[in-house]
Amino acid sequence: MSVDLNTLKTAGPTITALTKPFWDAAAEGRLTIQHCEDCGKAVFYPRPICPHCWSGRLVWKDASGRGRLKSFSEVHKPGHPGWLPAAPYVVGLVELAEGPTILSFILPGTRPLQVGAMLRLAPIAIGGRVLPAFKPVEPEQRRS
Ligand SMILES: [Zn+2]
């Protein structure tokens, strides 16, 4: 991938009152997810009530940024033409250390990507906005 992702003409997110904290944090390079104050579980995507216990007492907390790749796909024909200059690129399902799974852009590492790979948050400017993305943890980084 040699294109500057920030120059892509891609559609932006639809920001609602419910999702605004997520996008505000993303713009600052953070990944924030909801946590339930009653059952303690992490929640993603943003919701008005906890999907585990139906409590309405959800609070936002920054995620650790650690995750594991559950599945991925290399996209050669994007669903939106704005992504064409970046193709092929990888999107994947990332199981966050906190529990929930997030669909994310996966940045290339030095080795071929494998299911089960350890990932870390790597925010990146795409289409004029900073979005949460992930990249593989390189072997020499795992010891630290
Ligand atoms: Zn709950």
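Residues numbered from 1 in each chain as written. Predicted model: local features only at pLDDT ≥ 70, side-chain atom pairs only at ≥ 80, totals over all residues. Heavy atoms only, no water.

Participant: Describe the layout of surface pockets, with residues and values.
Facilitator: The calculated volume of the largest pocket comes to roughly 570 Å³. If you go around the largest pocket, you meet 22 residues; those closest to its centre are Trp23, Leu103, Ser104, Phe105 and Leu131. Going through the elements one at a time, helix H1 (20–27), strand E5 (89–96), strand E6 (101–106) and strand E9 (129–131) are the ones with two or more residues in the lining of the largest pocket. Sort the elements by how many residues they give to the lining of the largest pocket and E6 lands first, with four residues. Residues that form the lining of the largest pocket fall into these classes: 16 nonpolar, five polar and one charged. (1 Å grid on protein atoms, 1.4 Å probe; cavity = no way out; pocket = protein on both sides within 12 Å on 5 of 7 lines; lining within 4 Å. Points joined across faces, edges and corners; volume = space filled by probe spheres on them. Helix = DSSP H or I, 4+ residues; strand = E, 2+ residues; numbered from the N terminus. Nonpolar A, V, L, I, M, F, W, Y, C, P; charged D, E, K, R; others polar.)

Participant: I'd like to hear about the sheet that holds strand E2 (residues 42–43), residue by residue, with values.
Facilitator: The pairing of strands in a sheet comes from backbone hydrogen bonds and takes either a parallel or an antiparallel form. Spatial ordering of the open sheet is given by E2-E1-E3, a layout of three strands whose pairing is antiparallel. In the strand order of this sheet, the two ends are held by E2 and strand E3 (58–62), each with one partner. (Pairing = 2+ DSSP bridges.)

Participant: Provide a residue-level description of the coordination of the zinc ion, including the pertinent values.
Facilitator: Note on metal sites: the ideal angle is 109.5 degrees for four tetrahedral donors, and 90 or 180 degrees for six octahedral donors. Protein ligation of the zinc ion involves Cys36 (SG), Cys39 (SG), Cys50 (SG) and Cys53 (SG), the donor distances falling in the range 2.3 Å. Geometry at the zinc ion is tetrahedral, judged from the four donor atoms that bind it and their angles of 103 to 116 degrees at the metal. Sequence positions of the residues that donate to the zinc ion give the spacing C-x2-C-x10-C-x2-C. Taken together, the residues span a long stretch of sequence, with Cys36 in strand E1 (residues 32–36) and Cys53 in the loop between E2 and E3 at a distance of 17 residues. The exposure class of Cys53 is partly exposed, given its relative accessible area of 35%. (Donors = N, O, S within 2.8 Å, 3.2 Å for Na, K, Ca; no water. Tetrahedral: all angles 85-135°; square planar, octahedral: opposite > 155°, others 65-115°. Buried < 20%, exposed > 50% of the residue type's maximum accessible area, 1.4 Å probe, protein only.)

Participant: Explain the pattern of salt bridges to me, and be specific about the residues and the numbers.
Facilitator: Under the criterion given, the structure shown has six salt bridges. Arg57 serves as the salt-bridge partner of Asp38, at 3.1 Å between the closest nitrogen and oxygen. Of this pair, Asp38 sits in the loop between E1 and E2 while Arg57 sits in the loop between E2 and E3, and the two are 19 residues apart along the sequence. Accessibility expressed as a relative area gives 47% for Asp38, which makes it partly exposed. Look at Arg57 and you get partly exposed, because its relative accessible area is 42%. With its nearest N and O atoms 3.0 Å apart, the salt bridge here joins Glu95 to Arg68. Of this pair, Glu95 sits in strand E5 while Arg68 sits in strand E4 (residues 66–75); the two residues are 27 residues apart in sequence, bridging distant segments of the chain. (Salt bridge = Lys/Arg side-chain N within 4 Å of Asp/Glu carboxyl O.)

The quantities given are spatial measurements derived from coordinates; they are silent on function.
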